[in-house]
Amino acid sequence: MTATTADHHDDHHPTGIKRWLFSTNHKDIGTLYLWFSFVMFIVGGLMALVIRSELFMPGLQVVDPHFFNQMTTVHALVMLFGAAMPVFVGLANWQLPLMIGAPDMALPRLNNWSFWLLPPAATLLLISLFMPGGAPAAGWTIYPPLSVQGGMGVDFGILALHMMGISSIMGSINIIATVMNMRAPGMTLLKMPMFVWTWLITGFLLVTAIPVLAGAITMLLTDRHFGTHFFDPAGGGDPVMFQHIFWFFGHPEVYILILPAFGVVSQIIPTFARKPLFGYTSMVFATATIAFLSYIVWAHHMFTVGMPLTGELYFMYATMLIAIPTGVKIFNWVATMWRGSMTYETPMLYAIGMVFLFTIGGFSGLMLAVVPADFQYHDTYFVVAHFHYVIFGGTILGALGAVYFWLPKWTGHMYNETLGKWHFWLTVIGMNLTFFPQHFLGLAGMPRRIPDYALQFTEFNMMSTVGAFLLGFSQILFLTNVLRTIKGGEKASDRVWEGSEGLEWTLPSPPPYHTFVTPPQVK
Amino acid sequence: MMLNRRRQTAGRVPDIAARIAAVAAALYASVGHAEWALNFQKPVTTIGHVQYDLHMLILWVCCVIFVVVFGVMFYSLFAHRKSKGSTPAKFSHSTKAEVIWTIIPIVILVTMAIPSTQALIRMEDTTASDMTLKVTGYQWKWRYEYLDHDVDFYSTLSTPRAQIEGTEPKGENYLLEVDNHVVLPVGKKVRILLTAADVIHAWWVPALGTKKDAIPGYVNEIWVYIEEPGTYRGQCAELCGKDHGYMPIVVDAVSEEEFDAWVAGQKSG
Ligand code: HEM
Ligand SMILES: [Cu+2]
């Protein structure tokens, strides 16, 4: 009875701009997050193309070195905080309530706020490019003393990071609250879909890691303006302390980026292998172990700062340990495929691509963990190749796969499979052409974050630039496909995929504005 | 290209051949060495060799795991297709398999950790050195102080601006050349102290097999024992602002006699 009244009342939701500004509906907010992150993906991508254009050949052709540094810095910040993190919050907003049988997120108003902090934050970050002295240019890691030297663009950047951080914290509080309290009767923790599990764990990582970043950048701000010397040796401070604090946030951060993508892949592979996920429980434990370990390996980003031998040894062993639960996940995915009945629709291609490319990044991670060798790899293009394999190959391919996977559910239409496959292959080829040669560049001795380079690095840089343009322009296919699917296309069934399992597939496609107003029973 | 040039100069029209060679050489220099370098520069220090071997070891380990894991995956992708009539199996876990693929990586990691630990202990042992060089990073140059020899100088990029801007062809050592080279003796354990005056830099010469940050307020230590005379080039490896890409390092490794002569020359000069 009450449920019907609620339905009736809420169906008069505002339309037009008000619908989006004031929305507390998880589907609307999910959509906002997804579009926002796509726009940021394009903005960050254009900056990457500026970087790659300058690096096409030796000499300075396109930009000056200071602007180059602004590009590398803002590209990374936009991609991480504007694209990679929000895209998964968007997916969580859309999917978590549907997957656990909840009517909405636990804290809908907070949800609205956490989204609407993002556009102003991104604006602050981007307008810093037009400030005197330009945008932050000390790298996304904003190490002092260099970051203390920058102009007021750095303060804009710090403020933007604070806002995006608050947004993430609120978003993850909401996710934790939703998953803990709003599961349908019968859905015990160990019956939750893997995507829900990985997000629950990511949520805890976010609420604990982001405040550490907030502390670091606040100290940086007071060092810049209020005469403190936290990181200034001349005043008794310590620049290396900043790095410890930063990476205490920064390493969990990289797992914040990858765990939800692990979740996505763990949904997609069983669907298209038509076989249950192999080793569900060990997947949950592996995820939790990775999350725990991610807190105790931070200084592997700082092997060259001159830590004591024992410190270096400890961080080497701890980092190597992460390879074990990560390996478990990869083996489980392969075992899920094993003796399945596989078909290769676009989401499955993305999932397979993700497993393959992420693992290449895992291998280079393992190499980086070997400290004596890291003395050579550190701060070279080898590291750039490593993290693009895990973040582009892992996080971004995971997110793209997720969109193809759930888009028919969201819109009620099938996307164009041919276009989807073209998008997949061009993206994968572009990404490998861009980032694989960077391994060689790094090994041969090219430092990262330089606008110009010695002649022996020319060929691979040219390849990389060609790849980057291919990669960038392929995304037009994605946009086209998504827009066409929203407008129309073949009607999607409720189950959408033959192998679908889970509550979201019991709903109509597209699902009504309010779903699971009365909770489903999970057996 | 070398072959080509030789054949042509041996031919009947040496004049044209010489011209072609000159054009080719200019192109070669401006387009870049078609080196396609895939791996580490040749190490020339004791720890450089240790490091190189470790790097190759772990690279091969990764390659083997890669082939095994993706061999299985691609076989499955091929063989277990629905279109080939594969019907899904029912299994969803196997304790035995899971234990095996937890144990094997542990064993591999331990076997890698052992040589890594040994190498690291060696690399960090800066005791019993024969001489000490102090390096200070500045925006954007290096200062070198030979603490035992009373020699002190700065070293800055010597590539002309015109080459960077492209109004002049780029020389062979474009961006890897400096006015004052660091001169070090071969066959000596040289301890290098690193610090910085403004922001963080990192002193890195790939062939010497070591890299460490130069941090204001800190003095870091590394050591090198160079085995082969030669000129070794490197760069600053920690983003240090606008001209981070323009503060290279050039080390001349020379015999002890030459080194002593050089020191004497520096003092009188
Ligand atoms: C097998 C697991 C992994 C291992 C052992 C590993 C190891 C490492 C190490 C040792 C470094 C420091 C390299 C250096 O600066 O010298 C590094 C850098 C990095 N890793 Fe990983 N990694 C792993 C997985 C990941 C994942 C899953 C992500 C993110 C999705 C990631 C993102 C990054 C990033 C962004 C950096 C560079 C940060 C910077 O300096 O800007 N890594 N990794
Ligand atoms: Cu890390």
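Trainee: So what exactly am I meant to see when it comes to the overall build of chain A here?
Mentor: Helix and strand counts for chain A come out as 17 helices and 0 strands. The C-alpha atoms of chain A give a radius of gyration of 23 Å, which matches the 24 Å a tight globule of 523 residues would have. Overall, the C-alpha framework of chain A stretches about 70 × 50 × 45 Å when taken along its three principal axes. Scored against the burial criterion, the 523 residues of chain A give a buried share of 67%. The contacts in chain A between residues at least 6 apart in sequence include a share of 83% that link residues at least 24 apart.

Trainee: Would you mind going over the packing of helix α10 (residues 239–273) of chain A against helix α13 (residues 346–369) of chain A with me for this structure?
Mentor: Helix packing for two helices is described by the angle between their axes and how far apart those axes are. Residue and element names in this part refer to chain A. Where α10 contacts α13, the two axes come as close as 9 Å, and the packing angle between them is 130°. Taken together, the axes of α10 and α13 are oblique relative to one another. Here α10 runs over α13; the crossing is left-handed. Two secondary-structure elements touch here, α10 through Ile258, Ala261, Phe262, Val265, Ile268, Ile269, Phe272 and Ala273 and α13 through Pro347, Met348, Ala351, Met354, Val355 and Phe358. Class assignment for the residues of the contact of α10 with α13 results in 14 nonpolar, no polar and no charged.

Trainee: Sorry if this is basic, but what is going on with the sheet that holds strand β10 (residues 248–254) of chain B here?
Mentor: Within a sheet, neighbouring strands are paired by backbone hydrogen bonds and run either parallel or antiparallel to one another. All names here are of chain B. As summarised here, the arrangement of the 5 strands in space is β4-β10-β9-β6-β7, forming an open sheet in which the pairing is mixed. Looking at which strands have only one partner, the edges of the open sheet turn out to be β4 (182–185) and β7 (210–214). Between one strand axis and the next, the sheet turns by 25° as a mean value, whatever way the strands run. Sheet topology places strand β6 (residues 201–205) next to strand β9 (residues 230–236); 2 bridges connect them, and they run antiparallel.

Trainee: Honestly, the interface of chain A and chain B in this entry has me stumped. Any pointers?
Mentor: Buried accessible area, meaning the area lost when the parts come together, often serves as the stated size of an interface. Between chain A and chain B, the residue contacts involve 91 residues of the former and 91 residues of the latter. Between chain A and chain B lies a buried interface of about 8,000 Å² when both sides are counted; carbon and sulfur atoms form 70% of it. In this structure, the salt-bridge partner of A:Glu498 is B:Lys82, at a minimum N-O distance of 2.9 Å. Counting the contacts that link chain A with chain B gives 30 residue pairs in polar contact (both at pLDDT 80 or more). Of all elements in the fold, only α4 (65–100), α7 (146–149), α10, α12 (309–337), α13, α14 (371–377), α16 (417–444) and α17 (458–487) of chain A reach the threshold of two or more residues within the side of chain A that touches chain B. Ranked by residue count, the leading element in the side of chain A that touches chain B is α12(A), at 15 residues. The residue makeup of the side of chain A that touches chain B, split by class, is 58 nonpolar, 22 polar and 11 charged.

Trainee: Please clarify how the coordination of the iron atom of ligand 1 should be interpreted in this entry.
Mentor: Reference values for coordination geometry: four tetrahedral donors around a metal ideally subtend 109.5 degrees, six octahedral donors ideally subtend 90 or 180 degrees. Residues and elements named next belong to chain A. No other protein atom reaches the iron atom of ligand 1 as a donor apart from His386 (NE2), found 2.2 Å away. The distance between the iron atom of ligand 1 and the copper ion (ligand 2) comes to 4.5 Å. Position of His386 relative to the elements: it lies in helix α15 (residues 381–411).

Trainee: What exactly am I supposed to notice about the sheet that holds strand β8 (residues 220–225) of chain B here?
Mentor: All names here are of chain B. Taken together, 5 strands build an open sheet; the order of strands is β3-β2-β1-β5-β8 and the sheet is mixed. Both edges of this open sheet fall to β3 (151–155) and β8, since each of them pairs with a single strand only. Looking at each pair of strands side by side, their axes are set apart by 20° on average, direction ignored. Taken together, the 5 bridges between strand β2 (residues 141–146) and β3 define a ladder with antiparallel strand orientation. Bridge assignment links Glu145 to a residue of β3, and that residue is Asp152. Strands in contact with helix α6 (residues 256–268) are β1 (131–138), β2 and β3; relative to β3, the strand with the most contacts, it is inclined by about 85°.

Trainee: In this structure, what is going on with the coordination of the copper ion (ligand 2)? I would like to understand it.
Mentor: Residue and element names in this part refer to chain A. Protein coordination of the copper ion (ligand 2) is provided by His251 (ND1), His300 (NE2) and His301 (NE2), with donor distances spanning 1.8 to 2.1 Å. Going along the chain, you hit the donors of the copper ion (ligand 2) in the pattern H-x48-H-H. His300 sits in the buried class, given a relative accessible area of 14%. Assessed through its relative accessible area of 21%, His301 is described here as partly exposed.

Trainee: Would you explain the environment of A:Leu309 in this entry?
Mentor: Along the chain, A:Leu309 falls in helix α12. Sequence separation of A:Leu309 and A:Ile201 is 108 residues, and the distance between their C-alpha atoms is 33 Å. Apart from the residues within four sequence positions on either side, A:Leu309 is in contact with B:Leu120, B:Ile121 and B:Glu124.

Trainee: What is the right way to look at the pattern of salt bridges in this model?
Mentor: Where charged atoms from two side chains of opposite charge approach closely, those side chains can pair. Residues and elements named next belong to chain B. In total, this model carries 14 salt bridges over all chains according to the counting rule given. In this structure, Lys212 and Glu124 form a salt bridge, with 3.2 Å as the shortest nitrogen-oxygen distance. Taken as a pair, Lys212 in strand β7 and Glu124 in the loop between α4 (95–123) and β1 lie far apart in primary sequence, 88 residues in all. Its salt-bridge partner being Glu221, residue Arg191 comes within 2.8 Å of it at the nearest N-O pair. Note that Arg191 is positioned in strand β5 (residues 189–196) and Glu221 in strand β8, a separation of 30 residues in sequence. Through salt bridges with shared partners, a single network forms among Lys134, Arg143, Glu145 and Asp152.

Trainee: Even after reading the chapter, I still don't get α10(A), so can you show me in this structure?
Mentor: Count 3.6 residues to each turn of an α-helix, and residues three or four apart come out pointing the same way. All names here are of chain A. The end-to-end C-alpha distance of α10, which contains 35 residues, comes to 51 Å, matching closely the 51 Å that a straight helix rising 1.5 Å per residue would cover. The largest bend in α10 comes to about 30°, at Trp247. By the N-cap criterion, in which a side-chain oxygen at the helix start approaches the backbone nitrogen of a residue two or three places on, α10 is capped by Asp238, the distance to Val240 being 2.7 Å.

Trainee: Looking at this model, I keep getting lost on α12(A). Mind explaining?
Mentor: All names here are of chain A. Along its 29 residues, α12 runs 43 Å from first to last C-alpha, staying within 8% of the 42 Å computed at 1.5 Å per residue. With 23 of its 29 residues buried, α12 lies for the most part within the structure. Phi for Arg339, located one or two positions after α12, is positive at around 55°.

Trainee: Explain the side chain of A:Arg448 to me, please; I cannot follow it from the model alone.
Mentor: Residue placement: A:Arg448 occurs in the loop between α16 and α17. Since its relative accessible area comes to 13%, A:Arg448 is described here as buried. Ignoring sequence-local partners within four residues, the contact set of A:Arg448 consists of A:Asp379, A:Thr380, A:Tyr381, A:Val383, A:Val384, A:Phe387 and B:His244.

Trainee: For this particular structure, what's the right way to read a nonpolar patch on the surface?
Mentor: The grouping of A:Ile17, A:Leu21 and A:Phe22 at the surface amounts to a nonpolar patch, some 330 Å² of accessible area in total. Looking at where A:Phe22 falls in the secondary structure, it is placed in helix α2 (residues 16–22).

Trainee: Just to check I follow, could you spell out the confidence of the model for chain B for this structure?
Mentor: For any part of a model where pLDDT is low, the fine detail of the predicted coordinates should not be relied upon. Residue and element names in this part refer to chain B. When pLDDT is averaged across chain B, the result is 89; 87% of the residues are at 70 or more. No element of chain B has a lower mean pLDDT than helix α1 (residues 2–10), which averages 39, and none a higher one than β6, which averages 98. The model gives residues 1–14 a pLDDT under 50, and that stretch makes 8 contacts with residues more than four places away or in other chains. Ignoring residues within four places in sequence, the model shows residues 29–33, a span with pLDDT below 50, making 12 contacts including any to other chains. Confidence estimates for the predicted assembly give a pTM of 0.93 and an ipTM of 0.91.

Trainee: What should I look at first to understand the pairing of β1(B) in this one?
Mentor: Remember that side chains alternate between the two faces of the sheet whenever the strand is regular. All names here are of chain B. For β1, the tally of buried residues reaches 7 of 8 residues, placing the bulk of the element in the interior. One ladder, built from 6 bridges, connects β1 with β2; its direction is antiparallel. Counted as the bridge partner of Gly137 is Trp142 from β2. Turn length for the β1-β2 hairpin, with the two strands adjacent in sequence and antiparallel, is 2 residues.

Rules used in this analysis
- Residues numbered from 1 in each chain as written.
- Chains lettered and ligands numbered in written order.
- Predicted model: local features only at pLDDT ≥ 70, side-chain atom pairs only at ≥ 80, totals over all residues.
- Heavy atoms only, no water.
- Helix = DSSP H or I, 4+ residues; strand = E, 2+ residues; numbered from the N terminus.
- Rg over C-alpha atoms; globule rule 2.2 N^0.38 Å.
- Buried < 20%, exposed > 50% of the residue type's maximum accessible area, 1.4 Å probe, protein only.
- Contact = heavy atoms within 4.5 Å.
- Axes fitted to C-alpha atoms, helices over the stretch in contact; angles between N-to-C directions.
- Parallel < 35°, antiparallel > 145°, perpendicular 65-115°, else oblique.
- Left-handed = near helix turned anticlockwise from the far one by under 90°.
- Nonpolar A, V, L, I, M, F, W, Y, C, P; charged D, E, K, R; others polar.
- Pairing = 2+ DSSP bridges.
- Buried area = accessible area lost by both parts, 1.4 Å probe.
- Salt bridge = Lys/Arg side-chain N within 4 Å of Asp/Glu carboxyl O.
- Polar contact = N/O pair within 3.5 Å; in protein donor to acceptor, adjacent residues only side chain to side chain.
- Donors = N, O, S within 2.8 Å, 3.2 Å for Na, K, Ca; no water.
- Expected span 1.5 Å × (residues − 1).
- Bend = angle between axes of the 7 residues up to and from the residue.
- Patch = residues over 30% accessible without salt bridge, like charges linked within 9 Å, V, L, I, M, F, W, Y side chains within 5 Å.
- Areas by Shrake-Rupley, 256 points an atom, 1.4 Å probe, with all protein chains shown as cover.
- pLDDT = per-residue confidence, 0-100.

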